[in-house]
Structures are given as structure tokens and as C-alpha cells.
Amino acid sequence: SKKISSTACELDILRYKNGSWVAAGVDTTNRNFVILTATTPSGTWTQYTTALTISSEYSSYTITGMEYANGTWVFCGNHAWPSNAYNVKLFILYASSLSASFTFNQFFTNNGYSAYDVAYGDGTWAVCGGMDGSSKYGYIWYTTELSSTWTQKNIPPNSFAGINKKIRYQNGEWAVLVAATSSS
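Residues numbered from 1 in each chain as written. Predicted model: local features only at pLDDT ≥ 70, side-chain atom pairs only at ≥ 80, totals over all residues. Heavy atoms only, no water.

A. View of the confidence of the model for the chain. Looking at the chain, the pLDDT average stands at 83 and 80% of residues meet or exceed 70. For the chain, the element scoring lowest by mean pLDDT is strand E7 (residues 84-95), at 79; strand E9 (residues 113-121) scores highest, at 92. (pLDDT = per-residue confidence, 0-100. Helix = DSSP H or I, 4+ residues; strand = E, 2+ residues; numbered from the N terminus.)

As C-alpha cells, this is what we get:
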């Protein structure tokens, strides 16, 4: 084990992409977006911080997914009000470099949903997640332009209860990993 940040962080992502190890999460003191990078896990880690300029009424932020594709770094996540656990909004952060300031896009604002992963394939960005609470249904949101409107699609159909946890694109096909909550 190795301490990679001098800042207290909730690091939720660790992946190897574009020749770098990347860890990402949220600074627990001032709620900034934190990225740490290294060429090897045992090497020196460089920290980058971007202020999350989201409404101060949101107290909880979580980074849940990361993708690097087409020259762009994209992270997805959730932010919530402290008084209402189901008042969760979905967002992405994106930039052309890990050291750049990231652009924030809150792409879905209905309550009760969570984002878990992001992927890119064939010109399309996709985030997977679902509706939390007593009814658990999987959804994906997709777009060809990160700053534009996202389209929501129910996958799998509502007759199957489950939350989409991972999404990938490979060899012309999309795959979604569903955490099932029922056998129907």
C-alpha cells in the first residue's frame, strides 16, 4: 500500500488509461474534484484539483465512472441534497487533459436515479445507472456531444428489476452489466 495524496479524499475510481494510472474522487474537506495520476502504481503520483461549482445546497458528491476516448477524459457521478437521499442529480466532468479545468454538465435532473459508469463507442458517449429505491430499473443515457442533451433509454425493460452497474463498447457492440434485484 502507498499513500498517493496529501489531501483527504474519497477515491472511487482507479483505472489504467492512455498510458497512465488514474485515481479520481472528491476532496472530503472542500468537495473539489480530485485526480491523481502516475505512470506506475508504485511511482510518484501527481494531483490535479478542479473546483466543483455546483449549487452549495448539494453536500454529497461521488465520482462513479471514468473513460478516456477520442482525446477526451470523461468522469460521471452523482450529487445529492443532504435532507433527501433521493434528490440525486447526474453529471459528467470532461476535458482534453487531466491537468486542464474540467467542464461540468448536469445531464439528468430527475430524482431517485444514480449514475455508475461511462463508456464511448462508435461516436457515442453513454452513462449507465438506474432508478434507486423500492423500484430498481436500469437506464442508459447517451449522446454524441458531451455538452448537449442526453437521451434516456430503459435497459433492460421495466419487467426486469435491476440497476446497470457497468457499460462497455467493444467490436461494434455495447454491453451492460446489470445487478439484478429480482428473477422475473
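B. Quick look at the pairing of strand E3 (residues 33-38). Summarising burial for E3: six of the six residues are buried, a large majority. Here E3 shows two buried faces, one formed by Phe33, Ile35 and Thr37 and the other by Val34, Leu36 and Ala38. Note that strand E2 (residues 20-27) and E3 share six bridges and pair antiparallel. By the bridge assignment, alanine 23 is partnered in E3 with leucine 36. The hairpin turn running from E2 into E3, its antiparallel successor, is five residues long, and arginine 31 in that turn takes a positive phi close to 65°. (Buried < 20%, exposed > 50% of the residue type's maximum accessible area, 1.4 Å probe, protein only. Pairing = 2+ DSSP bridges.)

C. Broad picture of the pattern of salt bridges. In this structure the tally under the stated criterion is two salt bridges. Note that lysine 17 and glutamate 67 form a salt bridge whose closest N and O atoms lie 2.7 Å from each other. Highlighted residues: lysine 17 in strand E1 (residues 9-17) and glutamate 67 in strand E5 (residues 60-69), separated in sequence by 50 residues. We classify glutamate 67 as buried; its relative accessible area is 7%. Taking the shortest distance from any N to any O, the salt bridge between arginine 168 and aspartate 117 comes out at 2.5 Å. Of this pair, arginine 168 sits in strand E13 (residues 162-170) while aspartate 117 sits in strand E9; the two residues are 51 residues apart in sequence, bridging distant segments of the chain. Classification of aspartate 117 by relative accessible area gives buried; the value is 1%. (Salt bridge = Lys/Arg side-chain N within 4 Å of Asp/Glu carboxyl O.)

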